[in-house]
Amino acid sequence: MNFKKLALATAATMMVAGPAMADLVFPSLSYRTGPYAANGIPFADGYADYLTLVNQRDGGIGGETATLLECETGYNTEKGVECYESTKGQGALLYQPLSTGITYQLIPKATADQIPVHSMGYGRTSAANGSVFEWIFNYPTNYWYGASIAVNHMLELNGDDISGKKVALVYHNSAYGKEPIRTLEELSKKHGFELSLLAVDHPGQEQKSQWLQIRRDRPDYVLMWGWGVMNQVAIQEAANIRFPMENFIGIWWSGSENDVIPAGDGANGYKALTFHQPGGDAPIFADIQKHVVDAGLAAGAGDQIGTVLYNRGLYAAMLAVEAAKTAQELAGASDITPAQMRDGMEALSITEAKMAALGLPNFGPEFQVSCANHGGPGLGAVQQWDAASGTWSMISDFSGPDLDVIQPLIDEDSSAYAAENAITPRSC
Amino acid sequence: MVDFLIFLEVVLNGLMAGVMYALVALGFVLIFKASGIFNYAQGVMALFAAATLVGLINGQVPFAHMISAITGVKVHHFGWHINAFLAIALTGLVMFALAVVIERYILKHLVNQEPIILFMATIGLAFFMEGFSDLMWGSELKALDVGIPKGIVEPLDEATFNAFGYGMYIDWLDVYATAIAIILVVSLTLFSQYTKTGRALRAVADDHQAALSVGISLRRIWVIVWTIAGIVALVAGIMWGSKSGVQFSLSLIALKALPVLILGGFTSIPGAIVGGLIIGVGEKLFEYSIGPMIGGATENWFAYVLALAFLIFRPQGLFGDKIIERV
Amino acid sequence: MFYREAGDFKTSYAADGQTFPISFDKARYFFVLFIAFIIIPLVINDYWEKSILIPFLVWSIAALGLNILTGYCGQVSLGTGGFMAVGAYGSYKLMTAFPDINIFFHIVAAGGITAAVGIFFGLPSLRIKGFYLAVATLAAQFFLVWLFNKVSWFYNYSASGQITAPTRTVFGIEVTGPTAEPWATYLFCLVFVFALAWIARNLTRGRMGREWMAIRDMDIAAEIIGVNPLKAKLTAFAVSSFFIGIAGALYFTVWFGAVEPTEAFGIIQSFRVLFMIIIGGLGSIFGCFAGAAFIVLLPVLLKNIFVGMLGWPTDLAAHLEFVILGGLIVFFLIVEPHGLAQLWRVAKEKLRLWPFPH
C-alpha cells in the first residue's frame, strides 16, 4: 500500500500547486491525442487563438483577462470527467465538453454545480428546452435540426417533392450516430421518402459491405453521421463506387478538410452541413495573424488557421466571449460568476452588425437565445468541397429546420428527462 | 444472373478485405513463430511505419512540437520531398533500427519468461510507441500517396456491364494489396526455404534449445524477425493508410487481425492468408445479407464468433501446430 | 526492524491459517481500514471522489474478478469490458423496473446476471486454451457491446441509447445521481470492495481456490488427481464475472451515472483490467489493488506534474504520459515479472532485517 499512499500524497501536493485563480476562466476540454486527435487539434487551436486575440487586441473581455484552462481528454469520457472535476474549482465560467459522451456526463453534474455547459452542435438535442435544462445550451443548432436541414436541402433541390426517393443514412454505431434516426423517421413519414439505415461500427476502417449495399440499392441521397476515420473511409468508398458526390451529405462533424483530403479528387462535390463560414477570408484572420501568430502566441503550428474545424473553435470562443460581454452588461460588473454567465447566455443575441463589428461578417447565422429556448432557431447551411482548389464553400444561406416535426420531439424527450430526474420545469 | 454477380461481388470484395487483414496478421505470425511472443504492438508498428514514411516523404521535422515547446524554435518542415521509393527504403531502415532497440532493451531481458509476461511487455511497448510516434510526427491526419491507384477497376466494370448488365465493383487498391500480399508471401517462403538465415529461422521456430545448441544466435534471429515484421507492418500501413490517411486509428487494425490469427493458427503463414480470406468473406456476406435484418454493424463481433466456431472443432486453429499435452 | 514477525506464536491451526498471521501485519491492516472507513470520508471532496478514489475502488473490484479467472485459474480473458457492460445494463434494468428495492440488492443481482452470462461465454474454455481463448473471449466483448447498442429494450428506448442512473438512496442517503455526497458514494463502493476482497481471499485459499490453482498449473495433471475441470473452470468464470458485473454496475451507477456502451465498455477497458492484474501480480489479492492504483493513479499523477506543475502543453504531456506509462510497464516487467505484489514481498523480506542485515 505504500506505493498508493506515496502517489496520493504526491497528487495532493500537485493539486494545491495548481494554477492560481484567474479573472474569467474558460476551460477547454480539448483532445489533441487519441483516435480523433486530427479533428480535436484545429478546434482547440481556434478556441485558444480567439481568446488570445481578445486578450492581446482588446485587453480582455470588458477589461478582464480571459484565461484558457486547457485539459486533455483524448475524447475519453473518464478523462473528461477528471478534467471537469479538476477545473471546476478554479472559477470555470463555461464548459464546452466537445464529445457527446462527456456532455451526457456533465449535464447532471454541471446542473448540480450550477456551471453552464455549451454543447455547440452536439450533445443532447432536447437540452434546447431551457425550462428543463437550465444550465445546458446547444445553440446555434443541433443534430435533429441538422437532419431536418439536410432534408430541406433535398427538398429544395427537387422542387419540394422527395416522395418515393430513397435516402440512406450511414451512421457511426454510437449514441452520436443514432441521434438523427428518430427525426429522419418522422420526416420520412411527412415527406414520403424511403429511409434505410446503415450502421458502421467503431472505428469504421472497413465499410465495404455498407457501400456494396448502397451500390445495390442505389439510394438517391446518402446522409452521413460519421466521425474520425469513418468519414475518410466512407468518402473514399463513395468515390470508389462512383456515387454522385453532390448527393452525399454529411453532418457538420463529417465535413472538414481532414475528411475529404485523403480521397483526393474523388471527394470533389461532397457536401456537408455547417453553421459557420469555412475558409480564412474574414477580416478577423488578419488580426489573428498580427496579434497572435506573428506575436508567437498561436496555439498550434499555425497551419490549421482557416480550416473548417479551426473556424468552429473560433466561432465557439466568439460565442462564449459575446455571452460573457452580455453577462457583464446585465450584471453591471466585469468579474462575472457562472450564474451571471448563464444569464448572459440566455440573453445572447447574435446579429449581423455584431459579427461584422468583430471582423466576422456573415460568419454564422443570426440568432437569439432565450430562457425557454436554449437552442436558438437552429439555422444551418450547406457547404461543398472543391477538390481542385482544396476549399470548402457555402452553397446555401443559413436556413431553419422543420420545427413542426422537431419541436414535439424535443418537448417529449425533455419532459421524459424531467420526469426521470424529478425536475420541475421552471416557467420562463 | 445479376443476383449471382452481386453475390460474387460481395465474395470478391470480402476476399480482398481478407487479404488486407491477412497482411496485418502476417506480422503477428512471424514473431509468434520465431519467439513465442504475441506481439500486441503490431498495429502500432504499422502506424509508426506509415507515419515515418509520410514524415520522410514530406520532409517533416521530427519532434517539431516538442522542440518548439522547449526551445521556442518553430520549424516544421525541412522543405524537401523525398521520392516515395527511397522513403520506403529509409523507413525499412528505421524499422530495422527499431527491431535492434527492441531486442536490445526489452527482449534480451525477458528471455524464458511466461508468454503472458511477454505479451504484457509488448503492450507496454505499444503504449510507448503510441506516445513516441505522436511526439515524433504529430497526431494530425496525414494523407499518404505512394502512387497506388485507387477507385473502381473500370475494365471489369465495363466488361461485366456489357456482358450481363451489371457492372461489378472492385477497388484497385485491393487488387494491388492482393498482388503485394502474394509477392510478400512468396518471397517470405523463398527466404525461409532457400537462404541460410531462413533455415536458421525455421530451426528457431521448431525448437529454441536445439537451435541454440547448433550455434544459431537467437538474438540475431530475433532482430531479423522483428525487422521482417516491421516491414510487413510498413506494407500494411501503406495499404491501410492510402485508404484512410495516416492517423491514430491505423493502430486499431490489429483488432481486425486477431480473429484471422486464431482462425488460421498463430504459427502458420498460410493459415494467416486462408484465415484472412475466410474471415473477410464470412463477415462481408453476413453483414450484407443478414446484417440489415438485425441492425447492421455486425462485422466486429461476427469475425470473432466465426473464428470461435472454427476453434471449437480445431482448438489450435486451422493450420496451427497440433497441441500436444503431457503431464 | 520495521517489519517484525518474531514473538508471534500460534497454538492452533485456525490461528496459524489466518490471513494476517503476523500481528504487525494485522495492525497495519486495521490501520488501513481505519483510514479508509473513517478518515477519508471526512476529508474527501468531489475531485478526489470522482477522479481518484471511486475509479480506484471500481477498478480494484474488476481486477479482483479478472485475477480470480486469470491469476488463480489460468484462463486469460479479454471480455472484461463486455461483462462490465452486462453488470451496468443489468443494474439499470433492475433499477428502473423495481425502483422500490434497495440499490444494494440491484447491484448484487446485476453481479448474479453477469455470472450467468460469464458461465455461458466460459464454455469454450473447456476446449480452447491460452491465447486462443483470450482472443475467443473477445467475441463476448464485441458481441455484448453490440447487443447493448442495438437492442433498445436494454436502454428503455431512449433517443440516443445512453442510459442514465436515477437517484437512489441507502438508509435515506443518496448514493447515485449528481447530488450524491462524495463520502456517501465512496463508502458505498468501499463496502463492496471490502466485502468482495474478503470473499475473494477466502475463496482462493479454500477448496475451490486450490482447484483453480491446480487447473492453472497444469490442467491435465489436475484432472488426473480428481479435479473436475468443467466445474473448476466454470466456477472461476462465474465468480470472476460476478465480481466484474458488480464493478460494471458500480461504474455505471455510482461513478459515471450515464454511459453508452461503445466507449464506456470498449475493448480498451478489457485490456486495462488485464494490465492491472499483470502489473499488480497474478494470483495476488494485494496485487489487484496495487495494479489498479498504478493504472488509475499514474496517468492522473503524470498529468498533474506535467500540466499542473511544469505548465507544458497538454498534448505534449499526454504523449509523454503514454511514453512513460509504456516505459514503466516494460521496466517493471524486466525488474520484476511477477508484479508489484512480488516487489512488495521482496520489500517485506528486506525490511525484516533492515537496518541490520547480518
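Summary of the structure given here. Just so you know, these numbers come straight off a predicted model, no measurement behind them.

**Some words on the interface of chain B and chain A**
Taken together, the contact between chain B and chain A spans 35 residues of the former and 35 residues of the latter. Elements with a contribution of two residues or more to the side of chain B that touches chain A: α1 (2-35), α10 (218-244), α12 (269-294) and α13 (299-313) of chain B. Classifying every residue of the side of chain B that touches chain A by side-chain character gives 13 nonpolar, 12 polar and 10 charged.

**Concerning the nonpolar core**
B:Leu23 and C:Leu250 are the most contacted members of the largest nonpolar core, which totals 368 residues. The residues contacting C:Leu250, other than those within four sequence positions of it, are C:Val58, C:Ile61, C:Ile107, C:Cys189, C:Phe192 and C:Trp255. In terms of nonpolar packing, the next biggest core, distinct from the first, is built from seven residues, C:Val307, C:Leu316, C:Ala317 and C:Leu320 among them.

**Let's talk about the sheet that holds strand β5 (residues 166-172) of chain A**
Residues and elements named next belong to chain A. Here seven strands make up an open sheet; going across it, the order is β6-β5-β7-β8-β9-β12-β13 and the pairing mixed. Every other strand in the sheet has two partners, leaving β6 (194-200) and β13 (391-394) as the edge strands with one partner each. Direction aside, neighbouring strands of the sheet carry axes that sit 25 degrees apart on average. By the bridge criterion, five bridges tie β5 to strand β7 (residues 221-225) in an arrangement that is parallel. Across the sheet, the residue bridging to Leu 169 is Leu 223, located in β7.

**Some thoughts on the interface of chain B and chain C**
Opposite the 43 residues of chain B that make contact, chain C presents 39 residues. Of all the secondary structure elements, the ones that give two or more residues to the side of chain B that touches chain C are α3 (64-71), α5 (115-137), α11 (254-264) and α13 of chain B. The leading source of residues in the side of chain B that touches chain C is α5(B), at 15 residues. Its residues assigned to classes, the side of chain B that touches chain C shows 31 nonpolar, nine polar and three charged.

**As for the pairing of strand β12 (residues 381-386) of chain A**
Residues and elements named next belong to chain A. Among the six residues in β12, five count as buried, and that is most of the element. Strand direction decides the pairing type here: strand β9 (residues 271-274) and β12, joined by four bridges, are antiparallel. What sits directly across from Lys 271, in β12, is Gln 384. Relative to β13, β12 is paired through four bridges, and the arrangement is antiparallel. Residue pairing across strands places Gln 383 opposite Met 394, the latter belonging to β13. In this structure, the hairpin formed by β12 and β13 is closed by a connection of four residues, where Gly 390 is found at a positive phi of approximately 65 degrees.

**Concerning unusual backbone geometry**
Residues and elements named next belong to chain A. Cis geometry is found at the peptide bond from Tyr 139 to Pro 140, where omega equals 0 degrees. If you trace the backbone, Pro 140 turns up in the loop between β4 (136-137) and α5 (143-157). For the bond from His 202 to Pro 203, the omega torsion is -5 degrees, close enough to zero to count as cis. You can see Pro 203 is positioned in the loop between β6 and α7 (208-217). You will see that Leu 98, though not glycine, has its phi angle at about 60 degrees, which is positive. Summarising the element assignment, Leu 98 is placed in the loop between α3 (77-87) and α4 (100-113). Judged by C-beta crowding, with 26 C-beta atoms within 10 Å, Leu 98 ranks as buried. Phi at Asn 362 takes a positive value of approximately 55 degrees, unusual for a residue other than glycine. Inspection of the secondary structure assignment puts Asn 362 in the loop between α13 (352-357) and β11 (367-368).

Reading guide: rules and limits
- Residues numbered from 1 in each chain as written.
- Chains lettered and ligands numbered in written order.
- Predicted model: local features only at pLDDT ≥ 70, side-chain atom pairs only at ≥ 80, totals over all residues.
- Contact = placed C-beta atoms within 7 Å.
- Helix = DSSP H or I, 4+ residues; strand = E, 2+ residues; numbered from the N terminus.
- Nonpolar A, V, L, I, M, F, W, Y, C, P; charged D, E, K, R; others polar.
- Core = buried A, V, L, I, M, F, W, Y, C linked by C-beta atoms within 7 Å.
- Buried ≥ 20, exposed ≤ 12 C-beta atoms within 10 Å, placed from the backbone.
- Pairing = 2+ DSSP bridges.
- Axes fitted to C-alpha atoms, helices over the stretch in contact; angles between N-to-C directions.

Shape descriptors only; they carry no functional weight alone.
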